[in-house]
Each structure stands twice: as C-alpha cells, then as structure tokens.
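Summary of structural features
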Amino acid sequence: MPVEPERRDFVRVAVDIPVRYRFRMPGRSDPEFERPLAGSTANLSGGGLLLQGRLPGISAVTDLLTGKALVDVELSLPGEQYIIAA
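The present account deals with the structure reproduced in this document. Chains are numbered independently. Their residues run from 1 in the order of the written sequence. Reporting in this predicted model follows two pLDDT cut-offs: at least 70 for local features of residues, and 80 or more for side-chain atom pairs to be given and counted; totals over whole chains, interfaces and linings ignore these cut-offs and use all residues. With hydrogens and water set aside, each side-chain value is computed from the structure's full complement of heavy atoms.

The next thing to look at is the pattern of salt bridges. Any Lys or Arg side-chain nitrogen located within 4 Å of an Asp or Glu carboxyl oxygen qualifies as a salt bridge. Applying the stated rule across the entire model yields two salt bridges. Close ionic contact of Asp 72 with Arg 22 constitutes a salt bridge, the shortest N to O distance being 3.2 Å. Taken together, the positions of Asp 72 in strand 5 (residues 70-75) and Arg 22 in strand 2 (residues 18-24) put the pair 50 residues apart, joining distant regions of the chain. Asp 72 serves as the salt-bridge partner of Arg 24, at 2.9 Å between the closest nitrogen and oxygen. Here Asp 72 lies in strand 5 and Arg 24 lies in strand 2, a separation of 48 residues in the sequence. A single network of salt bridges, built from pairs that share partners, joins Arg 22, Arg 24 and Asp 72. The helix and strand labels rest on DSSP assignments: H or I over at least four residues marks a helix, E over at least two residues marks a strand, and numbering proceeds from the N terminus.

Here it is as structure tokens:
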C-alpha cells in the first residue's frame, strides 16, 4: 500500500526544549489549575508545538478539549536569550 505524504502547512522539527506553561480558564480563577508547571517540547512547527508535561487534574482534559481552558507557554530557542510567550 503506498504511503501518502503528510498534508501539513508547516514542517515539524523534532526538538526537546524546556518550557514553562500554565493553564488558564477565562472567567474563572483556580489557583491549583493556574500554577506554573515545567515541561518540554517533543516537536515544533510554524503552527505550534507538542507539549510534554503533566495536567493539574483529569478535569483539565475536558476543559482543554472543549476550549474552556487555554495553555500559556514560555520557551527559549537553543542559542537565544529572549523568551517566546505563546
């Protein structure tokens, strides 16, 4: 069976970069949910990144999948000193 090429707008680059991230729930405050966490990337592309880290609780899965929760991420690319916030 022939393998079809990936249909992506951006190339993905496998890279392990340390990140700081936190979950945010607009309109609701939950200190446990919003505290900063440490993780890493598995890959980066022009459209985003694959974040490896832990969830503050199982309810975060539903909140993330339904768009009720957002993720703030900070990272620095290798060899650069400035911080990228997304």
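The discussion continues.
Where strand 2 and strand 5 come together, six bridges link them in antiparallel fashion. Note on strand 5: the bridge partner recorded for Phe 23 is Val 71. Two strands pair if DSSP finds at least two bridges between them. Note that strand 5 and strand 6 (residues 84-85) share two bridges and pair antiparallel. Looking at strand 6, one finds that Glu 74 is bridged to Ala 85.

This next bit is on the packing of aromatic side chains. When the centres of two rings from Phe, Tyr and Trp lie within 6.5 Å, Trp using its six-membered ring, the rings pair. Their planes under 30 degrees apart give stacked, over 60 give edge-to-face, and anything left gives tilted. Under the defined criterion, the tally for this structure stands at one aromatic pair. Note on Tyr 21 and Phe 23: the rings are 5.8 Å apart at their centroids and 85° apart in plane angle, and the pair reads as edge-to-face. Here the term buried applies to any residue with accessible area under 20% of the maximum for its type, exposed to any over 50%, and partly exposed to those in between, with areas from a 1.4 Å probe on protein chains only. Residue Tyr 21 is classed as buried on the basis of its relative accessible area of 2%. Judged by its relative accessible area of 3%, Phe 23 falls in the buried class.

Looking now at the nonpolar core. In terms of nonpolar packing, the biggest core is built from twelve residues, these being Ile 17, Val 19, Tyr 21, Phe 23, Met 25, Phe 33, Leu 37, Leu 44, Ala 60, Ala 69, Val 73 and Leu 75. Those elements that place two or more of their residues in this core are strand 2, strand 3 (37-45) and strand 5. By residue number, the principal contributor to this core is strand 2, which donates three residues. In contact with Ile 17, other than residues within four places in its own chain, are Gly 39, Ser 40, Thr 41, Leu 44, Leu 75, Ser 76, Leu 77 and Pro 78. For this analysis, a nonpolar core means a set of buried residues of the types Ala, Val, Leu, Ile, Met, Phe, Trp, Tyr and Cys, connected via side-chain atoms within 4.5 Å. Pairs of residues are marked as contacts when any of their non-hydrogen atoms sit within 4.5 Å.

Scope: geometric values only; no functional claims are made or implied.
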